[in-house]
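Secondary and tertiary structure notes
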Amino acid sequence: MRCAPFLLALALLFPLPSGLRGQEAQALEGDHLYQVVMLRAAPGRLPELIELLKEERDLLGDVNEPLPFWMRHSQGDQWDLLLLYPMGGFHEYYEPERTARRLASGERKGLSEERLRLEADLLTSWRDEVFVRGPKPEVLADAFGRNGYYHVEMMVALAGRHRELLEERRMENVYRRELGRPLNFIFAREAGGPWDCFTIGFYRDIRHFAETSSFPPEAQERAARLAGFEGADHIGVYMRRLILYHNDTLATAIR
């Protein structure tokens, strides 16, 4: 079940900050389908898991499939790797000819779906996945290319609060815009795992991420009220009225 309709007009009302200008799509949300996979490597096997996933990326590239975006956990949730596979839509991704091309490429190189699954099982001690709707891949490609540090917030809404939670995510983007901070990309659940919504914030590095704390309290208060919150110190309080639980993770680029 999807959280809510997607308001592409948001980007027209709230222009993207300087770090995100020049993208072809001027939207923070979208209707492009992604498979999101979170993996925790077996103890000591993370380098091998990364190498296996590189092989998978090469196979996808050989048949002109969109390459997955990925990041490596720094601190927060239990996963080591998060991957976003651009699909477009269920029908087009699993269209028979397109599916056959993916399978044939793997078979030619000895990396069949079965072998890939078996090797991944040996290298992985935990896995979670969810299908989400989000921005166009070219928007994310530009953001990943420009930045190497990420803040991922994943949330499970309380019953009946899904739309309000998605709107709260948008309100936080207004708050960020007023402070001149990078805006978060918003993803909403289509199927799969428990996560109803999640956002990804893109930063150059950890120093860029930490700059929020340097804003004067009066500036933060003004931005919060313009965004619709009672005040800067009520942002987290309001969000927690809408969620069952959430996870925050800081992650870095894999080059």
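Above: the structure in question.
Residues numbered from 1 in each chain as written. Predicted model: local features only at pLDDT ≥ 70, side-chain atom pairs only at ≥ 80, totals over all residues. Heavy atoms only, no water.

A short note on the packing of helix 7 (residues 162-179) against helix 9 (residues 217-227)
The condition that has to hold: Lines fitted to the C-alpha atoms define the axes, with helices restricted to the stretch that makes contact. Angles between their N-to-C directions range from 0 to 180 degrees. The way it works is that DSSP assigns letters per residue, a run of H or I at least four long becomes a helix, a run of E at least two long becomes a strand, and they are numbered from the N terminus. Between 65 and 115 degrees an angle is taken as roughly perpendicular, under 35 as roughly parallel, over 145 as roughly antiparallel, and anywhere else as oblique. Here a crossing is called left-handed whenever its near helix is offset anticlockwise from the far helix by less than a right angle, and right-handed whenever the offset is clockwise. Contact definition: two residues touch when any of their heavy atoms are within 4.5 Å. Amino acid classes used here: Ala, Val, Leu, Ile, Met, Phe, Trp, Tyr, Cys and Pro are nonpolar; Asp, Glu, Lys and Arg are charged; the rest, including Gly, are polar.
One way to put it is that helix 7 packs onto helix 9 with a least axis distance of 8 Å and a crossing angle of 140 degrees. Classified by the interaxial angle, the pair formed by helix 7 and helix 9 is oblique. In terms of crossing hand, the pair formed by helix 7 and helix 9 is right-handed. On the side of helix 7, the interface is formed by Met-171, Val-174, Tyr-175, Glu-178 and Leu-179, while helix 9 contributes Ala-219, Gln-220, Arg-222, Ala-223, Ala-224, Leu-226 and Ala-227. Partitioned by chemical class, the residues of the contact of helix 7 with helix 9 number nine nonpolar, one polar and two charged.

Here's the deal with the pairing of strand 2 (residues 69-75)
The test is simple: Paired strands, in this sense, are two strands between which DSSP finds at least two bridges.
Bridge analysis of strand 2 against strand 3 (residues 81-88) gives four bridges, and the strand direction is antiparallel. What sits directly across from Met-71, in strand 3, is Leu-82. Between the end of strand 2 and the start of strand 3, which pair antiparallel, lie five residues, with Gly-76 showing a positive phi angle near 125 degrees. Bridge count for strand 2 against strand 8 (residues 243-253) is four bridges, and the pairing is antiparallel. Pairing of His-73 across the sheet is with Ala-251, part of strand 8.

Looking at the packing of aromatic side chains
Stated precisely, the cut-off is as follows: Each Phe, Tyr or Trp ring (for Trp, its six-membered ring) is paired with any other whose centre lies within 6.5 Å, and the angle between the two planes then decides the class: stacked below 30 degrees, edge-to-face above 60, tilted in between. For each residue, the accessible area found with a 1.4 Å probe, counting protein chains only, is set against the maximum for its type, and the residue is called buried under 20%, exposed over 50%, and partly exposed in between.
Considering all chains together, one arrives at 13 aromatic pairs under this definition. With a centroid separation of 4.9 Å and an interplanar angle of 85 degrees, the aromatic rings of Phe-144 and Phe-202 are classed as edge-to-face. With a gap of 58 residues between them, Phe-144 in helix 6 (residues 137-146) and Phe-202 in strand 7 (residues 197-203) connect regions that are remote in the sequence. On the basis of relative accessible area, Phe-144 is assigned to the buried category, the value being 8%. When its relative accessible area of 3% is taken as the criterion, Phe-202 is described as buried. On the basis of an interplanar angle of 70 degrees and a centroid distance of 6.1 Å, the ring pair of Phe-229 and Tyr-238 is categorised as edge-to-face. A relative accessible area of 6% places Phe-229 in the buried class. You can call Tyr-238 partly exposed: its relative accessible area is 25%. One aromatic cluster in this structure is built from Phe-69, Phe-144, Tyr-150, Phe-185 and Phe-202.

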